[in-house]
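# Close look at the chain arrangement
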Amino acid sequence: MSHNPFKFIDLFAGIGGIRLAFTRNECLCVFSSEWDVHSQKTYEANFGEIPNGDITKIDASDIPDHDILTGGFPCQPFSTIGKREGFSHPTQGTLFYDIARIIKEKKPTAFLLENVAGLYSHDRGETFRVIKETLEDELDYWVDDRILDSADYGVPQHRKRVYIIGFLKKISSKKNFKFDWPEEEAEKVGIGQFVEMGISG
């Protein structure tokens, strides 16, 4: 690991898929959160630590400083009933709100969020509109998003997900700033080589 690795936090961590990718690239996880007890046990077996529990009950100020926030948050509709002022409107009461409040408090240099491909059409597009507007206009990040399919990157499974990435605008405004999405691999990996054939007779 490098002397000054990027520090990241792993929210809605599941069993640690996103963490695995970041640690393989010499980043240091300084905080994790996952409420499901079965996922916590697997996460502990994978990484030697039990994630913190329900993120809605964790104060953002208690989370360590970090360079990158990651999270595969659940998709929930946003209500416009009871109009509120400030950055939380209309995300209050959803799990995206917890991502937003942590970003607001800690101001990481970058974030990576992941969700199902249906996020774009969820609630007739309103959910994604609010997410992007909150990240760009209220939290002041440069944001880009794309659907990626794991089958295009050497995995023998079609798994389409929306990835949302963001950088502080003071970073993205620099002349040498550049972000490139990964290029798709030309050859697809078939599942057959990983399946054991049964013995007949």
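What comes next is a walk through the structure. (Residues numbered from 1 in each chain as written. Predicted model: local features only at pLDDT ≥ 70, side-chain atom pairs only at ≥ 80, totals over all residues. Heavy atoms only, no water.)

Let us now look at the overall build of the protein chain. Of the regular secondary structure elements, the protein chain holds five helices and six strands. Along the protein chain, helices and strands appear, N-terminal first, in the series β-α-β-α-β-α-β-α-β-β-α. Considering the protein chain as a whole, with its 201 residues, one finds that 39% of them fall into the buried category. Sequence-distant contacts, at least 24 apart, represent 63% of the contacts inside the protein chain between residues at least 6 apart. (Helix = DSSP H or I, 4+ residues; strand = E, 2+ residues; numbered from the N terminus. Buried < 20%, exposed > 50% of the residue type's maximum accessible area, 1.4 Å probe, protein only. Contact = heavy atoms within 4.5 Å.)

Turning to helix H4 (residues 126-138), a few remarks are in order. With 13 residues, H4 should cover 18 Å at 1.5 Å per step; its first-to-last C-alpha distance of 17 Å lies within 8% of that length. Along H4, the residues classified as buried are Thr127, Phe128, Val130, Ile131, Thr134 and Leu135. Taken end-on, H4 shows its buried residues confined to a sector of 165 degrees, consistent with a single buried face. On its buried face, H4 is in contact with helix H3 (95-106), strand S4 (110-116), strand S5 (141-149) and strand S6 (160-168). Directly beyond the C-terminal end of H4, a positive phi value near 70 degrees is found at Asp140. (Expected span 1.5 Å × (residues − 1). Arc of directions from axis to C-beta.)

Turning next to the nonpolar core. Among the nonpolar cores identified, the biggest contains 27 residues, and Leu11, Leu69, Ile99, Phe111, Leu113, Leu135 and Ile164 are the most heavily contacted of them. Broken down by secondary-structure element, the contributors of at least two residues to this core are strand S1 (7-11), H3, S4, H4, S5 and S6. A per-element tally of this core places H3 first, with five residues. Once residues lying within four places of it in the same chain are set aside, the contact partners of Leu135 are Phe96, Ile103, Phe111, Leu113, Asp140, Tyr141, Val143 and Ile164. Of all hydrophobic cores here, the second largest spans 13 residues; its members include Tyr43, Leu112, Leu148 and Phe167. (Core = buried A, V, L, I, M, F, W, Y, C linked by side-chain atoms within 4.5 Å.)

Two pairing modes exist for strands in a sheet, parallel and antiparallel, and in both the strands are linked by backbone hydrogen bonds. Pairing is mixed across the open sheet formed by six strands, whose spatial order is S2-S1-S3-S4-S6-S5. With partners counted over all chains shown, the strands left at the sheet margins are strand S2 (28-32) and S5, one partner each. On average, each strand axis in the sheet is tilted by 20 degrees relative to the strand beside it, whichever way the strands run. Two strands pair when backbone bridges link them, and S1 and strand S3 (residues 68-71) are joined in this way by four bridges, in the parallel orientation. In the strand pairing of S3, Phe8 is matched with Ile68. Running over the sheet, helix H1 (residues 17-24) touches S1, S2, S3 and S4 and is turned about 170 degrees from S1. Against the sheet, H4 contacts S4, S5 and S6, and its axis sits at roughly 140 degrees relative to S5. (Pairing = 2+ DSSP bridges. Axes fitted to C-alpha atoms, helices over the stretch in contact; angles between N-to-C directions.)

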